[in-house]
Amino acid sequence: MFAAERRQLILEMVRANGAVSLRELARVVQTSEVTVRRDVRALEAEGLLDRRHGGAVLPGGFTRESGFPQKSHLATAEKTAIADLAAGLVEEGEAIVVGAGTTTQELARRLARVPGLTVVTNSLLVAQALAHANRVEVVMTGGTLRGSNYALVGSGAEQSLQGLRVSKAFLSGSGLTAERGLSTSNMLSASVDRALVQAAAEVVVLADHSKLGTDTMFQTVPTDVITRLVTDESPGHDDRVATELQALADQGVQIAVAGASGGGTANGTGASGAPGGDSVGRQQRRDVPLPGPRRQVPGAAGAGLRSATALGEQGGGAERARVADMRRR
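The rules we used
Residues numbered from 1 in each chain as written. Predicted model: local features only at pLDDT ≥ 70, side-chain atom pairs only at ≥ 80, totals over all residues. Heavy atoms only, no water. Helix = DSSP H or I, 4+ residues; strand = E, 2+ residues; numbered from the N terminus. Buried < 20%, exposed > 50% of the residue type's maximum accessible area, 1.4 Å probe, protein only. Contact = heavy atoms within 4.5 Å. Areas by Shrake-Rupley, 256 points an atom, 1.4 Å probe, with all protein chains shown as cover. Salt bridge = Lys/Arg side-chain N within 4 Å of Asp/Glu carboxyl O. Pairing = 2+ DSSP bridges. Axes fitted to C-alpha atoms, helices over the stretch in contact; angles between N-to-C directions. Expected span 1.5 Å × (residues − 1). Arc of directions from axis to C-beta.

(A) Local environment of the overall build of the chain. Of regular secondary structure, the chain possesses eleven helices and 16 strands. Sorting the 329 residues of the chain into buried and exposed places 48% on the buried side. Sequence-distant contacts in the chain: of pairs separated by 6 or more residues, those separated by 24 or more amount to 63%. Summing over all exposed atoms, the chain offers an accessible surface of approximately 15,600 Å²; the carbon and sulfur share of this is 50%.

(B) Seen up close, the pattern of salt bridges. In the structure shown here, the tally under the stated rule is eleven salt bridges. Here Arg 7 makes a salt bridge to Asp 39, at a shortest N to O gap of 2.9 Å. Of the two residues, Arg 7 sits in helix α1 (residues 3-17) while Asp 39 sits in helix α3 (residues 33-45), which places them 32 residues apart along the sequence. Assessed through its relative accessible area of 0%, Asp 39 is described here as buried. Close ionic contact of Asp 84 with Arg 110 constitutes a salt bridge, the shortest N to O distance being 2.5 Å. One end of the pair, Asp 84, is in helix α5 (residues 76-87); the other, Arg 110, is in helix α6 (residues 102-111), with 26 residues separating them in the sequence. Its relative accessible area of 14% is what places Asp 84 among the buried residues.

(C) Representation of the environment of Ile 226 within the structure. Within the secondary structure, Ile 226 sits in the loop between β13 (218-221) and β14 (228-232). For Ile 226, a relative accessible area of 2% corresponds to the buried category. Taking the C-alpha atoms as reference points, Ile 226 and Gln 251, separated by 25 residues in sequence, lie 9.6 Å from one another.

(D) Up close: the sheet that holds β13. Across the sheet, three strands lie side by side as β10-β11-β13; this open sheet has antiparallel pairing. What marks the edges here is a single partner per strand, and that holds for β10 (175-177) and β13. Here the strands of the sheet are splayed against their neighbours by 40° on average, with no regard to which way each runs. Summarising the sheet, β10 and strand β11 (residues 181-184) pair through three bridges and their orientation is antiparallel. Considered in β11, the bridge of Thr 177 is made with Gly 181. Packing of helix α9 (residues 187-198) onto the sheet brings it into contact with β11 and β13, and relative to β13 it is tilted by some 20°.

(E) Spotlight on helix α10 (residues 239-250). For α10, built from twelve residues, the straight-helix expectation of 16 Å at 1.5 Å per residue is met to within 8% by its first-to-last C-alpha distance of 16 Å. Listing the buried residues of α10 in full gives Val 241, Glu 244, Leu 245, Leu 248 and Ala 249. Buried positions in α10, seen along its axis, are confined to an arc of 140° and lie on one side of it. In α10, the exposed positions that point more than 90 degrees away from the buried face belong to Asp 239 and Thr 243. Remark: Gly 252 follows α10 within two positions and exhibits a positive phi of approximately 95°.

Below, the structure written as structure tokens:
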């Protein structure tokens, strides 16, 4: 296929779907992601589309939001890997909130196997995925149906969340940056997501690599409120994605990276490093090095980077030493 033919096909795919990953473009035009990336740059220079980390979107992506039919076909393998890893963060008998999105829908399908779980959601897709789970209780918010993503929004949804308290909130969005946090293109969706966050002790963001470094109109969750990010491995180890991940880690976000490595062994640990249940397929977890706790004692900043697991072990050791010292006294 000639370059002009490739670029025309790429442009048609982006116009039809609103956003397409580089991986999917390379598969359709039957060439490498390096070649597709070069084509996307050329089309961007002509003002025909906008580049995003790991993909391409229509111009004006700041205000445009793809509907569910388009989103459901984007980064499907990445969403599956993220959902597999995120499901390991949920324990039997927990109460959680799950926001709207195609990635959270994938998560919900896996949560159907967690006994004693209570899930509060404003997403019809999440509720549908859990509808036949006998041991999971589903609580729907009120609100007005937003058909493009099958979510309940508006004052009714926000009011129904008042006074709610759960252990974790699982959210997705349109973009994630270290500077601004999680964001989305719709004001009503952003407002409900903020209400979901206020109900949770921990906030877990599910975002594939194409959303990293992307900023959209309405901030949902500022970076300092995000407890953990679950993402996937960027194809070709994109330096920009790696930089964004490190910037998020520098601000105290715990990061787990899911990958589908055929030769690797399954990792049966949760994101905190505690032993988990059954291993999930071929999923592997790679924890990005993190700095110390967000609220550091002055002068402790020079301790260097530590992994999330190491932080947990070190904290437990310090506590045991303190108790032993008190007993001696």
